[in-house]
Amino acid sequence: MASAEITPAQPEGATGLLLLADGTALWGIGCGAEGSAVGEVCFNTSMTGYQEVMTDPSYAGQIVTFTFPHIGNVGANPEDIESKVESALGCVISEVPTGPSNFRSEVDLDTWLKDEGKIGLAGVDTRALTRLIRLNGAPNAVIAHSADGVFDLDALLEKARDWPGLEGMDLARRVSRKAHEGWRGGHWELGKGYGDSTAEKPHVVAIDYGAKDNIFRQLVRAGARVTVVPAETPLEDVLAHEPDGVFLSNGPGDPAATGAYAVPVIQGLLERDVPIFGICLGHQLLGLAAGAKTSKMFQGHRGANHPVQRVGEGWGEATGLVEITSMNHGFAVDGDTLPANVEQTHVSLFDGTNCGIAIKGKRAFGVQYHPEASPGPQDSFYLFEKFVGMLG
């Protein structure tokens, strides 16, 4: 029998639920894979790109609530997968997915979720869930799907309550590739797919903390050759590739935890004046390496419509301009802790949080958002050109 702590009771016909650690149950129609998964619930405001969101390793350990009601209407295809490693655990959506209507679709969302081992929950009041997250912060929860509608609610509630949360959790080593590899894929074109890299110089070594593949494609598009290495690669092994610059990728988890092994490497690169560009987690790790601190955000920033303003006087770009950016992060660099030699270059116009830094006297900068995700749609590609242009 279900615990009295779990409310409301299961309605007739419900085959899926999101069970919060406080006992709140959100019932609906399960889709995708059957089973259960525990993590942090966040919301994403993007109107498009649900397949890219669900395969972004930055979402490892998280259950994504989509605020846009019509998810699944363009189906899924192999070209729009960002990574094949661990990523989002599952998704919560408002409307039961309809059949796909798009010429690029190869499979419907339900089948694709099953194939990816991800749990879906449809028919939920996602507006109410989003308001709950905004008011109370991102909760821990279990998402579950059972085709016969049978759930062990007490066991699921215990699972949600026992999960320790993302703070203090290093997930980068879990989602990073395990081997050094040369990246060859280039910019995507309709009917042609992904091109190939022809450049030999400049050479960028990208440290993979849970990277989206499109980041590497954008570096190639900007004119670089890319070698990708695992998250825990020692400094001497990074330098053995003779990089002209080093890229620090996005990724999941608490940057302070990942920093235990990443920060000494980045500090070694800074001491040698190696050009550095960091995105999202990579930006946070660069901030830690420079002496700043990071902190867990109340609800995080996730979506494809976040305005960011360039503010740095020495940024070398036109200040005051606003970029429309894509974001996915639950931690941030604390702008109040930036040392004197670190300049804030970008800020969020939603809440004033730090969205970019540059280290004075070094060729090193980072941004909190995802310039590879075609926001604006090309507002932020200049960052890749800026970085590659530093490399000579």
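Because the structure is predicted, anything quoted here is derived from the model rather than measured.

Draft legend 1. Summary view of the pairing of strand 3 (residues 35-44). Where burial is concerned, most of strand 3 is hidden: 8 out of the 10 residues are buried. As paired elements, strand 3 and strand 7 (residues 140-145) share 6 bridges and run antiparallel to each other. Note that in strand 7 the partner of Glu-40 across the bridge is Asn-140.

Draft legend 2. Examining the sheet that holds strand 13 (residues 245-248) more closely. Pairing is mixed across the open sheet formed by 10 strands, whose spatial order is 8-12-11-13-14-19-18-17-15-16. Edge strands, defined here as strands with exactly one partner in the open sheet, are strand 8 (181-183) and strand 16 (322-333). Averaged over all pairs of adjacent strands, the angle between their axes in this sheet comes to 25°, without regard to strand direction. Strand direction decides the pairing type here: strand 13 and strand 14 (residues 276-279), joined by 3 bridges, are parallel. When the sheet's bridge partners are listed, Leu-248 is paired in strand 14 with Gly-278. The sheet strands contacting helix 9 (residues 281-289) are strand 13, strand 14, strand 15 (294-310), strand 16, strand 18 (354-359) and strand 19 (364-367), and the helix crosses strand 18 at an angle near 50°.

Draft legend 3. Molecular detail of helix 9. In terms of burial, helix 9 is a largely internal element, 9 of the 9 residues being buried. If you check which residues of helix 9 are buried, you get Leu-281, Gly-282, His-283, Gln-284, Leu-285, Leu-286, Gly-287, Leu-288 and Ala-289. Backbone geometry just after helix 9 places Gly-291 at a positive phi near 110°.

Draft legend 4. Inspection of a nonpolar patch on the surface at higher detail. Taken together, Val-322, Ile-324 and Leu-349 make up a surface patch of nonpolar side chains, about 220 Å² in accessible area. Structurally, Val-322 can be placed in strand 16.

Draft legend 5. Representation of the packing of aromatic side chains within the structure. Taken as a whole and judged by the stated rule, the model has 8 aromatic pairs. Seen from their ring centres, Phe-247 and Phe-277 are 5.5 Å apart, and the 75° between their planes marks the pair as edge-to-face. Pair noted here: Phe-247 is in strand 13 and Phe-277 is in strand 14, with a separation of 30 residues, a long-range link. For the ring pair Phe-277 and Phe-365, a centre distance of 4.7 Å and an interplane angle of 25° mean the geometry is stacked. Pair noted here: Phe-277 is in strand 14 and Phe-365 is in strand 19, with a separation of 88 residues, a long-range link. The exposure class of Phe-365 is buried, given its relative accessible area of 1%.

Calculation criteria
- Residues numbered from 1 in each chain as written.
- Predicted model: local features only at pLDDT ≥ 70, side-chain atom pairs only at ≥ 80, totals over all residues.
- Heavy atoms only, no water.
- Buried < 20%, exposed > 50% of the residue type's maximum accessible area, 1.4 Å probe, protein only.
- Helix = DSSP H or I, 4+ residues; strand = E, 2+ residues; numbered from the N terminus.
- Pairing = 2+ DSSP bridges.
- Axes fitted to C-alpha atoms, helices over the stretch in contact; angles between N-to-C directions.
- Contact = heavy atoms within 4.5 Å.
- Patch = residues over 30% accessible without salt bridge, like charges linked within 9 Å, V, L, I, M, F, W, Y side chains within 5 Å.
- Areas by Shrake-Rupley, 256 points an atom, 1.4 Å probe, with all protein chains shown as cover.
- Salt bridge = Lys/Arg side-chain N within 4 Å of Asp/Glu carboxyl O.
- Phe/Tyr/Trp six-rings, centres within 6.5 Å; stacked < 30°, edge-to-face > 60°.

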